[in-house]
Structure formats: C-alpha cells, structure tokens
Amino acid sequence: MKSELETCKNCENQLEKISKFCPHCGQQTKEDLTVGLLFYNTISNYFSFDARFFKSFLPLLFRPGYLAKKFIAGKRLLYLHPAQLYLFVSVVFFFLLTTIVVRKQIQDLDTALKKTLETPLISDSTKLKAQQTLDSVKLDSILLPLKEKGIPGIEDEQVKVLDSLIKSNNQKTVGETLSFGFDENKVDSLIAINASDNKIYRAMGMDDDDGYIAKKFYAQVLKFYKQRNGGQILQAVYDTIPISLFVLLPIFAFILKLLFFKRGSYAHHLVFSFYFFSFLFTLFSLILIVNSFVQIPDWIDWLLVVSTFFYLLVAIKRFYNHGWFLSFIKTGISSFVYLILVIPIAIVIVALIGFLFY
C-alpha cells in the first residue's frame, strides 16, 4: 500500500503524511502555534535551551571533566555544545552581575563623588587655601595667650600637648579632600577662562612630545575632572570584561596545550576550557542569586571560590587520564600562570581600555 504524501510547510519537500518531522529540514509537520510554543522556540533558538541543557547542567556542576570527555568521545548531540553552553551561562552571569552588583557600585560611586564635590570647581581650591591660612591665624590668636598666661589647673606641658593635638586635627581635616595629582588651582583658572584643552593638558603635566595614548589619557582625566562621572567609567570597564573573556578563554586553552602537549589537538583543550568556564560562570551566578536573597558569610563565598581549584584538579585528572600527583602539579602550574600573570595583565588592559574609551 502506497503511503500518502504531503508537502512540508517549511522546505516544501514531499514527506509521508504519517511523519511527525520532515526528514529534510526537521520541522514538525503538525505544530499548532501557541504562546508557550512561541516562547520556547525563541529561547531554544537563541540559547539552544532544550533537553540537552538540563542533561548538561548537573554533570557540569558535579562531574568535573565529564562533559568534555564525552564530547571528545563523540557524544555531541546528547549534551549541549560547549560553546553554546558557555554563551548561555555567560549571558546569565553578566546579566546578574550588572543587575545585582554593578548598578549598585555605580550608584554608590556617583553618590560619593557628588557629596565630595558638590561645590563649584573654581571655588574649591581657593577656599581650601584660604581656610588653611585663616585657620592657622585663628588658632595662633587663640592658643598664644593660653601658652603665655597659662590655664588654671593645667600645666604648661599639657597646654603644649593640647596645642599640638588641635593643630594636628585641623590639618588632617583640611587635608581630607579629593586630589587629582596636579595643580588644581591652575587647572581651575584655565577652565574658567575657557583655555584650550592643550593648555590645560600641559598644566596637568602632559609633555608636548607625548604620544596618542598619553594625550587620550589626559583628555579622559580632564573629562572626568569636569563631569565627575566616575560611574560611567566603571560601567565602561565592566562592559569590556565579556569581550576580554573571549581572549582569556583561548589563552587558558593554550596553557593547557603547553602542559598536555601530547593529549590531543588545541581544539580538545578548547572544549575543556569552554566547559570549565561554563562551570565558573554557573557557580558565580548561583552565588549572586543566593546572596541577593540571603546574605551568605564571606568565608563561605571564599570557600566556594577556592573549591574551583579542586574542581579543576578533578576535571584535569578525569579528562587527561593523569595520576593525582601529576594532575595536582599541572593544575597548580596552570592556575598560577593564569591567575598571577594572565588575569592581572588582562585587568590592567581592560581597565585602561574602559577608561580611555568610555
């Protein structure tokens, strides 16, 4: 008996009417469009949010190295692709980081700057200098008669101590102001007369033969000095972090390639790195979520962070089939090189890029 045929609505190829999926494009033959289905398809298409994610989630957290080993062995449809998993959890992590941490830090920084610098720029340095002079005169006029005539019941040595304490406290109070590392009086005067930026840069310490990066740096410092928008700078730094991670992750894979030179191609180490970084983002996301509802003691947070080293140790042992001692040595070397050398350099570069181009 000949099977009845129908046309696929997506690719327009012929298929058997009893088929649930088109053998050519994979679309379901009978699928009623509902709000739930529309939402599910949107998420699954963007993040590959399907059954493979749930099959990958628990092994990712509790079976270090398992997913990477299975993927290399050929099971590439049973679990979520390493790059897709990394993309999904990194997007979730940076969303939580921005919502819970970054936004509050930006608000606190802007609030602190407004409280410290709520008076006009031109009057700040002038008032400070005048205050120092006047306070010195007032203190001398008050303390000198006391030192000459004495105070009933107080010995001369005690008057000297009192004199020292008052002046010391006064100098400390007056000196507690934001310093930018250049002559603010001169810069304020140039700003007041609308001097050119180049003249202001020279007053801030820039040399005429400085290169582009140095000039860009002084331009950003002046911009910050005028606007006091520290929150925008911090936001710019955080915005560059996701981009930098796309460089840091391959570097970590390269370190593994050097340590395990005969254990597969660079792509094998890259798969391992994708799953390991996915674990890190998942763990940090869970920490952010829990702390947003219940404040966990800091020592527990740090304990969880330290536990990532042991996760990496077990993952390396399982993935590369090494003994415990050799795995521990190579885990320590890779962690040391990455944490002590690679990440600090990356942080400086990210901070510099964020500051120069915010």
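Residues numbered from 1 in each chain as written. Predicted model: local features only at pLDDT ≥ 70, side-chain atom pairs only at ≥ 80, totals over all residues. Heavy atoms only, no water.

A.B. asks: Honestly, the packing of helix H7 (residues 184–192) against helix H8 (residues 197–204) in this entry has me stumped. Any pointers?
C.D. replies: The relative placement of two packed helices is expressed as an angle between their axes plus a distance between the axes. The geometry of H7 relative to H8 is characterised by a closest axis approach of 9 Å and an angle of 175° between their N-to-C directions. It follows from the interaxial angle that H7 and H8 lie roughly antiparallel. Judged by residue contacts, Lys186, Val187, Leu190 and Ile191 of H7 engage Lys199, Ile200, Ala203 and Met204 from H8. Taken together, the residues of the contact of H7 with H8 sort by class into six nonpolar, no polar and two charged. (Axes fitted to C-alpha atoms, helices over the stretch in contact; angles between N-to-C directions. Helix = DSSP H or I, 4+ residues; strand = E, 2+ residues; numbered from the N terminus. Parallel < 35°, antiparallel > 145°, perpendicular 65-115°, else oblique. Contact = heavy atoms within 4.5 Å. Nonpolar A, V, L, I, M, F, W, Y, C, P; charged D, E, K, R; others polar.)

A.B. asks: Teacher, can you tell me more about H7 here?
C.D. replies: An α-helical segment advances 3.6 residues per turn. Residues three or four places apart therefore align on the same side. Those residues of H7 not exposed but buried are Glu184, Val187, Asp188, Leu190 and Ile191. For H7, the angular spread of the buried residues around the axis is 165°, confining them to a single face. Two residues or fewer past H7, Asn194 is found with a positive phi of approximately 60°. (Buried < 20%, exposed > 50% of the residue type's maximum accessible area, 1.4 Å probe, protein only. Arc of directions from axis to C-beta.)

A.B. asks: Hey, could you run me through the packing of aromatic side chains in this one?
C.D. replies: Given two aromatic rings, their pairing is described by the distance between the two centres and the angle made by the two planes. This structure, assessed with the given rule, holds 20 aromatic pairs. Taken together, a centroid distance of 5.7 Å and an interplanar angle of 45° make the contact between Tyr86 and Phe281 tilted. Remark: Phe281 occurs in helix H11 (residues 266–293) and Tyr86 occurs in helix H4 (residues 82–116); sequence separation between them is 195 residues. Grouping residues by exposure puts Tyr86 and Phe281 together as buried. Chaining the aromatic ring pairs together yields one cluster made of Tyr86, Phe93, Phe94, Phe274, Phe281 and Phe284. Directly above the aromatic system of Phe71 lies the positively charged group of Arg76, at a separation of 5.1 Å from the ring centroid. Over the face of the ring belonging to Phe261 we find Lys257, whose NZ or CZ atom lies 4.9 Å from the ring centre. (Phe/Tyr/Trp six-rings, centres within 6.5 Å; stacked < 30°, edge-to-face > 60°. Lys NZ or Arg CZ within 6 Å of the ring centre and 35° of its normal.)

A.B. asks: Teacher, can you tell me more about the nonpolar core here?
C.D. replies: Generally speaking, a soluble globular protein has its nonpolar side chains buried in company with each other. Membership of the largest hydrophobic core comes to 46 residues, with the highest contact counts inside it found for Leu85, Phe272, Tyr275, Phe276 and Phe279. Where this core is concerned, the elements lending two or more residues are helix H2 (51–62), helix H3 (66–73), H4, helix H10 (230–259), H11, helix H12 (298–320) and helix H13 (324–356). Counting residues per element, this core draws most heavily on H11, which supplies 12 residues. Dropping the residues within four chain positions of it, Phe276 is found in contact with Phe252, Thr308, Tyr311 and Leu312. Core analysis: the second largest hydrophobic core is formed by 14 residues, Val187, Ala195, Tyr218 and Val221 among them. (Core = buried A, V, L, I, M, F, W, Y, C linked by side-chain atoms within 4.5 Å.)

A.B. asks: For this particular structure, what's the right way to read H8?
C.D. replies: Within H8 the residues assigned to the buried category are Ile200, Tyr201, Ala203 and Met204. Seen end-on, H8 carries its buried residues on one side only, within an arc spanning 160°. One or two positions beyond H8, positive phi appears at Gly205, with a value near 120°.

A.B. asks: What's the story with the confidence of the model for the protein in this structure? I'm lost.
C.D. replies: Should the pLDDT be low somewhere, the predicted coordinates at that spot are not to be read in detail. Averaged over every residue, the pLDDT of the protein is 75; residues scoring 70 or more account for 65%. Here residues 165–177 is a poorly scored stretch, pLDDT under 50, and it has 12 contacts once near neighbours within four places are set aside; other chains count. (pLDDT = per-residue confidence, 0-100.)

A.B. asks: Honestly, the environment of Asn321 in this entry has me stumped. Any pointers?
C.D. replies: Its place among the elements puts Asn321 in the loop between H12 and H13. The spacing of Asn321 and Arg263 is 58 residues in sequence and 9.4 Å in space, taken between C-alpha atoms. Ignoring sequence-local partners within four residues, the contact set of Asn321 consists of Lys69, Arg263 and Ile316. Engagement of the side chain of Asn321 in a polar contact is seen with the side chain of Lys69, the distance being 3.2 Å. (Polar contact = N/O pair within 3.5 Å; in protein donor to acceptor, adjacent residues only side chain to side chain.)

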